[in-house]
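# Geometric and topological summary
Next come the chains, spelled out residue by residue.
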Amino acid sequence: MFDLKTRLDTMLMGGMVTPTIALGKKLGLFDALGAVASAAAPADAKTIADKAGCKERYVREWLAVLSCAGFIEVTQDEKFWLTDEAKHEFAGLNNLAVAEMAFLPTVVKTFNELADSFKKDGRYGLDYSQFGDFYDTMDTVTTAMHDAHLISDYFPLIGMKDKLEAGGLKVLDVGCGSGYHALKMASTYPKCEIIGADISEKAIGMAKESHKKQGQTNLEFHVADAGKMPAEWTDKFDFITIFDACHDQMRPDLCLNEIYRMLKPGGVFAMLEVRGCSNILADKKKHGLMASTFYAVSMFHCLPVGSNRPDALCMGAMWGEKRARKLIEDAGFKKENVQVFEPDYFPINIVYLCKKE
C-alpha cells in the first residue's frame with residue numbers, strides 16, 4: 001500500500017504542477033525569470049513580475065509552486081533563479097513535454113460534459129468547438145515536433161522530397177487544422193499546388209489568416225468534411241497527407257475511402273498517426289508510463305470528438321497499427337503497397353505510406 005500511496009501522492013503533485021508550468025509558458029514567466037535572474041544575482045518576485053507585466057502577488061505564488069517542486073531555485077530571503085539546464089528546457093520549444101503540458105488546461109474545460117458522455121443515457125461525445133484554445137495548443141506542440149524534421153527528414157523518408165522539389169504536384173493536406181503543414185509545404189515547394197482542408201471553420205479561419213500574412217500564391221484552404229469531400233476531387237491529387245488527424249474522425253473509414261478516391265492512380269498517401277499497438281497491455285509494455293498520457297489525451301479529447309454521432313467508430317488516439325492497417329486496406333490500398341515507419345525524430349508517431357495502383 002505504501003508504494004500505491006506514494007504513486008498517488010506523486011500523481012497529485014504532478015497534476016497540480018503541470019498546469020502551473022503551462023501558465024508560466026502562457027504568460028512568459030520563465031522567459032522573464034531567465035532574463036532578470038541568475039545564480040549570482042537572483043531576483044525577487046516584484047522584479048520578475050514587472051519584467052513579465054504581471055501582478056507581483058500572483059507571480060510570487062507561481063514561484064512558490066515551482067520552487068517547492070524543484071524546478072526553480074529559491075534563497076532564504078525569497079529570491080529566485082533558474083539553473084542553466086532549466087532555463088534551456090523551459091525556453092521556447094526546446095522540451096516537447098513542456099509544450100504538451102499546455103494541453104491540460106484546454107481539455108479539462110469539458111470535464112463535466114465528458115462525464116455526461118460516459119453515461120449510458122448521456123450525449124454521444126463532444127464537438128471540436130467545445131475545446132476553445134485546443135488549436136493554439138496543437139499548433140505549439142506540432143511546431144515543437146515537426147519544425148526541425150518535416151522538410152529535412154520526413155519527406156525524404158517517404159520518398160517525396162525530390163518529387164516535391166521538382167514541382168507540378170497537386171497536394172492535399174486532410175484535417176489540416178490551422179494550416180501549419182500546408183503553409184510549410186507551400187513555402188518550401190512553390191512549384192506545387194497545395195490545398196488544406198478541415199471541417200472546423202475556426203481552424204480554417206486561422207489558416208487563412210496565416211496565409212494572408214505569408215502570401216503564398218500556390219495555396220488554398222477549404223472547409224470540408226473528410227468523410228465527404230468535394231465530388232470533383234476524384235483522381236485529383238498526386239500526394240495526400242494527414243497528420244495526427246485520422247483518429248479524430250468520427251468515421252475514419254469514410255475519410256480513408258475518400259482519400260483513396262481523391263488520389264490519382266500511382267499517387268502516394270502518407271498518414272502520420274500516434275504509435276499504438278491496438279492492445280492496452282502491448283502499449284503499456286512499449287511506452288511505459290507515457291502510454292497513460294497518450295490514453296488520457298485520447299479520453300479527454302480524441303475519443304469524445306470521434307464519438308459524437310450515432311454511427312461513429314469511436315477509435316480514439318490509440319487505435320493502433322492493427323486497426324489502422326485494416327481500414328487502410330478496406331479503403332482500397334493493397335497490403336503490399338502499404339509500408340510502415342517509426343522514425344526516431346517523431347518518437348510518439350508511426351507513418352503509414354500507401355500507394356494507389
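Let me begin by describing the structure that accompanies this report.

Calculation criteria
- Each chain has its residues counted from 1, running along the sequence as written.
- Only residues with pLDDT of at least 70 get local features here, since the model is predicted, and only at 80 or more are side-chain atom pairs given and counted; chain-wide, interface and lining totals rely on the full set of residues.
- The basis for the side-chain values is all heavy atoms of the structure; hydrogens and waters are excluded.
- By nonpolar core is meant a set of buried Ala, Val, Leu, Ile, Met, Phe, Trp, Tyr and Cys residues that side-chain atoms within 4.5 Å join together.
- Per-residue accessibility, obtained with a 1.4 Å probe over protein chains only, is compared with the maximum for each type, and a residue is labelled buried under 20%, exposed over 50%, and partly exposed between these values.
- Elements are defined by DSSP. Helices are runs of H or I of four residues or more, strands are runs of E of two residues or more, and each kind is numbered from the N terminus.
- Contacts between residues were defined by any pair of non-hydrogen atoms, one from each residue, lying within 4.5 Å.
- The rule for a salt bridge is simple: a side-chain nitrogen of Lys or Arg has to be within 4 Å of a carboxyl oxygen of Asp or Glu.
- Lines are fitted to the C-alpha atoms to define the axes, a helix being fitted only along its stretch in contact, and any angle between axes, read from their N-to-C directions, falls within 0 to 180 degrees.
- Any angle that falls under 35 degrees is termed roughly parallel, while one over 145 is termed roughly antiparallel, one within 65 to 115 roughly perpendicular, and all others oblique.
- For any helix crossing, the convention is left-handed if the near helix is rotated counterclockwise from the far helix by under a right angle, and right-handed if that rotation is clockwise.
- We treat two strands as partners when DSSP finds at least two bridges between them.
- Here is how to tell: hold the view so the strands point away, follow the path from the first strand over the helix to the second, and if it runs clockwise the crossover is right-handed.
- Working definition: a ring pair exists when centres of Phe, Tyr or Trp rings (six-membered ring for Trp) sit within 6.5 Å. Plane angles under 30 degrees give stacked, over 60 give edge-to-face, the rest tilted.
- Look at NZ for Lys and CZ for Arg. If either is within 6 Å of the ring centre and within 35 degrees of the ring normal, a charge sits over the ring.

## Here we look at the nonpolar core
Membership of the largest hydrophobic core comes to 30 residues, with the highest contact counts inside it found for Leu172, Val174, Ile240, Leu256, Phe269 and Met271. Elements that contribute at least two residues to this core include exactly strand 3 (170-174), strand 4 (193-198), strand 6 (237-243), helix 14 (252-262), strand 7 (263-274), helix 17 (320-331) and strand 9 (349-355). Residues in contact with Phe269, not counting those within four places in the same chain, are Ile240, Ile242, Leu256, Ile259, Leu263, Phe333, Tyr352, Leu353 and Cys354. Residues Leu183, Met185, Ile204 and Leu272 belong to the second largest nonpolar core, which totals 29 residues.

## Topic: the pattern of salt bridges
Applying the stated rule across the entire model yields 20 salt bridges. Between Glu78 and Arg60 there is a salt bridge, with the nearest N and O atoms lying 3.0 Å from each other. Residue Glu78 is located in the loop between strand 1 (73-74) and strand 2 (80-81), and its partner Arg60 is located in helix 4 (residues 56-68); the two are separated by 18 residues in the primary sequence. We classify Arg60 as partly exposed; its relative accessible area is 32%. Asp311 is the partner of Arg309 in a salt bridge, and the nearest nitrogen-oxygen pair spans 2.6 Å. A network of salt bridges, in which partner residues are shared, links Arg251, Asp253, Arg309 and Asp311.

## What to know about the packing of helix 8 (residues 111-118) against helix 16 (residues 290-305)
Where helix 8 contacts helix 16, the axes come no closer than 11 Å and their chain directions differ by 60 degrees. The orientation of helix 8 relative to helix 16 falls into the category oblique. For the pair helix 8 and helix 16, the crossing hand works out as left-handed. Within the contact between the two elements, helix 8 uses Phe111, Leu114 and Phe118 and helix 16 uses Met299, Phe300 and Pro304.

## Looking at the pairing of strand 5 (residues 219-223)
In the sheet, strand 4 pairs with strand 5 via 5 bridges, with the strands oriented parallel. Counterpart to Ala197 in the pairing with strand 5 is His222. The parallel pair strand 4 and strand 5, bridged by helix 13 (residues 201-214), forms a crossover whose chirality is right-handed.

## Some details on the packing of aromatic side chains
Throughout the structure, instances matching the rule amount to 12 aromatic pairs. Ring centres 5.7 Å apart and planes at 55 degrees place the aromatic pair Tyr154 and Phe243 in the tilted group. Of this pair, Tyr154 sits in helix 10 (residues 150-157) while Phe243 sits in strand 6, and the two are 89 residues apart along the sequence. Judged by relative accessible area, which is 0%, Tyr154 ranks as buried. Centre to centre, the rings of Phe155 and Phe239 are 6.2 Å apart; their planes meet at 75 degrees, and the pair counts as edge-to-face. Placement of Phe155 in helix 10 and of Phe239 in strand 6 is noted, with a sequence separation of 84 residues between them. Judged by relative accessible area, Phe155 falls into the buried class, the value being 0%. Sitting over the ring of Phe237, Lys236 keeps its end group 5.8 Å from the ring centre. A cation sits over an aromatic face here: Lys356 above Tyr260, 4.7 Å from the ring centre.

## Overview of unusual backbone geometry
Phi at Asp244 is positive, roughly 50 degrees, even though this residue is not glycine. Tracing the chain through its elements places Asp244 in the loop between strand 6 and helix 14. Of note, Ser278 is a non-glycine position whose phi angle comes to about 65 degrees, a positive value. Within the secondary structure, Ser278 is located in the loop between strand 7 and helix 15 (280-287).

So far we have only geometry, and geometry alone does not tell us how the molecule works.
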